[in-house]
Amino acid sequence: MLKIAVLVSGGGTNLQAIIDAQQRGEIINGEIACVISSKTTAYALERAKKAGLATEVLLRKQFATMEDYDAALLGLLEKYQIDLIVLAGFMTIISDNIVSHYPNQIMNIHPSLIPSFCGDGFYGLHVHEAVLEKGVKVTGATVHFVNEICDGGPIILQKAVEVQQEDTPETLQLRVMEQAEWKILPQAISLFCQGRLEVSGTQVKIV
Ligand code: GRF
């Protein structure tokens, strides 16, 4: 059984989707070992506690340097013997140091079809605002491995969602979550835990 750490900062709806999938037996060969939050007030922590999961809070500002913060995060990941790190709305930058400790073992959910609307500054509602501003007719979500390039790691799964004429950033965000994020994130985790993701360069094959 692979051990999963889910890193959160906010509402935790993606965490909830993973918890629900786990409870339905859909995370094959994996289990959430801990939830790590970058904010004390994240509602995701309540969701984790309700599900009986171990929780940890790690605030960047508690540490003088990035090195100290990384050491604390690595300490937690080692404490729970983590095999897979899932960034589910985690708002603290993961350093290259952490990435090099867990090559192709960190995955992130991004609320657009990468390589569109991604990279620096594209997070949260900003992504959906940019989608509406550009006038694209289709958007979606992407689960990808994390490497040293922001939103640039190998793509694992994507799902398209139609943009509607009357959408606001908020309505679009919710539809992308419901129709794409909450589905493909648990699917990608389960594939990883079954050893079915084969990474070769920038490409991921499902075997
Ligand atoms: C999601 O839109 C996700 O794509 C992005 O941050 C948001 C997190 O939402 N990375 P939640 O905390 O899972 O509800």
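Look a little higher up for the structure.
Residues numbered from 1 in each chain as written. Predicted model: local features only at pLDDT ≥ 70, side-chain atom pairs only at ≥ 80, totals over all residues. Heavy atoms only, no water.

Trainee: Help me understand the layout of surface pockets in this model?
Mentor: To find the voids left in a structure, one rolls a probe of water-molecule size over its atoms. Within this model, the largest pocket holds a volume of roughly 920 Å³. The wall of the largest pocket is formed by 38 residues, among which Gly 89, Phe 90, Met 91, Asn 108 and Tyr 123 lie closest to the centre. Contributions of two or more residues to the lining of the largest pocket are made by helix 1 (13–23), helix 4 (96–101), strand 5 (106–110) and helix 6 (169–193). Along the lines of polarity and charge, the residues of the lining of the largest pocket split into 15 nonpolar, 17 polar and 6 charged. (1 Å grid on protein atoms, 1.4 Å probe; cavity = no way out; pocket = protein on both sides within 12 Å on 5 of 7 lines; lining within 4 Å. Points joined across faces, edges and corners; volume = space filled by probe spheres on them. Helix = DSSP H or I, 4+ residues; strand = E, 2+ residues; numbered from the N terminus. Nonpolar A, V, L, I, M, F, W, Y, C, P; charged D, E, K, R; others polar.)

Trainee: Explain the sheet that holds strand 3 (residues 55–57) here, please?
Mentor: Strands in a sheet are paired, the pairing made by backbone hydrogen bonds, and the direction either parallel or antiparallel. On the basis of which strands lie adjacent, the open sheet formed by 7 strands has the order 3-2-1-4-5-6-7 and mixed pairing. Looking at the sheet topology across the chains shown, the edges are occupied by strand 3 and strand 7 (155–162). With strand direction ignored, the average angle separating the axes of adjacent strands in the sheet is 20 degrees. Across 4 bridges, strand 1 (residues 2–8) lies against strand 4 (residues 84–87) in parallel orientation. (Pairing = 2+ DSSP bridges. Axes fitted to C-alpha atoms, helices over the stretch in contact; angles between N-to-C directions.)

Trainee: What should I look at first to understand helix 5 (residues 125–134) in this one?
Mentor: Because an α-helix packs 3.6 residues into every turn, residues spaced three or four apart end up facing the same way. When we look at burial in helix 5, the residues that qualify are Val 127, His 128, Ala 130 and Val 131. End-on, the buried residues of helix 5 take up no more than an arc of 160 degrees, which puts them together on one face. Tucked into the core, helix 5 has its buried residues touching strand 5, strand 6 (138–145) and helix 6. Immediately beyond the C-terminal end of helix 5, within one or two residues, lies Gly 135, with a positive phi of roughly 85 degrees. (Buried < 20%, exposed > 50% of the residue type's maximum accessible area, 1.4 Å probe, protein only. Arc of directions from axis to C-beta. Contact = heavy atoms within 4.5 Å.)

Trainee: It is not clear to me how the packing of helix 1 against helix 6 should be interpreted in this structure. Could you clarify?
Mentor: Two packed helices can be described by the angle between their axes and the distance between those axes. Where helix 1 contacts helix 6, the axes come no closer than 9 Å and their chain directions differ by 55 degrees. It follows from the interaxial angle that helix 1 and helix 6 lie oblique. The interaxial crossing formed by helix 1 with helix 6 has right-handed handedness. Facing Thr 13, Asn 14, Ala 17, Ile 18 and Ala 21 of helix 1, the residues of helix 6 in contact are Met 177, Glu 181, Trp 182, Leu 185, Pro 186 and Ile 189. Of the residues assigned to the contact of helix 1 with helix 6, the class counts are 8 nonpolar, 2 polar and 1 charged. (Parallel < 35°, antiparallel > 145°, perpendicular 65-115°, else oblique. Left-handed = near helix turned anticlockwise from the far one by under 90°.)

Trainee: Can you walk me through helix 6 in this structure?
Mentor: Between its first and last C-alpha, helix 6 extends 33 Å over 25 residues, near the 36 Å set by a 1.5 Å rise per residue. The sharpest bend along helix 6 reaches about 45 degrees and sits at Met 177. Following helix 6 by one or two positions, Gly 195 has its phi on the positive side, about 70 degrees. (Expected span 1.5 Å × (residues − 1). Bend = angle between axes of the 7 residues up to and from the residue.)

Trainee: Help me out: how do you make sense of the pattern of salt bridges in this one?
Mentor: Opposite charge on two side chains permits pairing when their charged atoms draw close. Evaluation of the coordinates by the stated rule reveals 4 salt bridges. Glu 56 is the partner of Lys 79 in a salt bridge, and the nearest nitrogen-oxygen pair spans 2.8 Å. Placement of the pair is Lys 79 in helix 3 (residues 66–79) and Glu 56 in strand 3, with a sequence separation of 23 residues. One salt bridge connects Arg 175 with Asp 167, and the closest N-O pair in it is separated by 2.6 Å. Note on accessibility: Arg 175 and Asp 167 belong to one class, buried. (Salt bridge = Lys/Arg side-chain N within 4 Å of Asp/Glu carboxyl O.)

The values are spatial; any link to function lies outside them.
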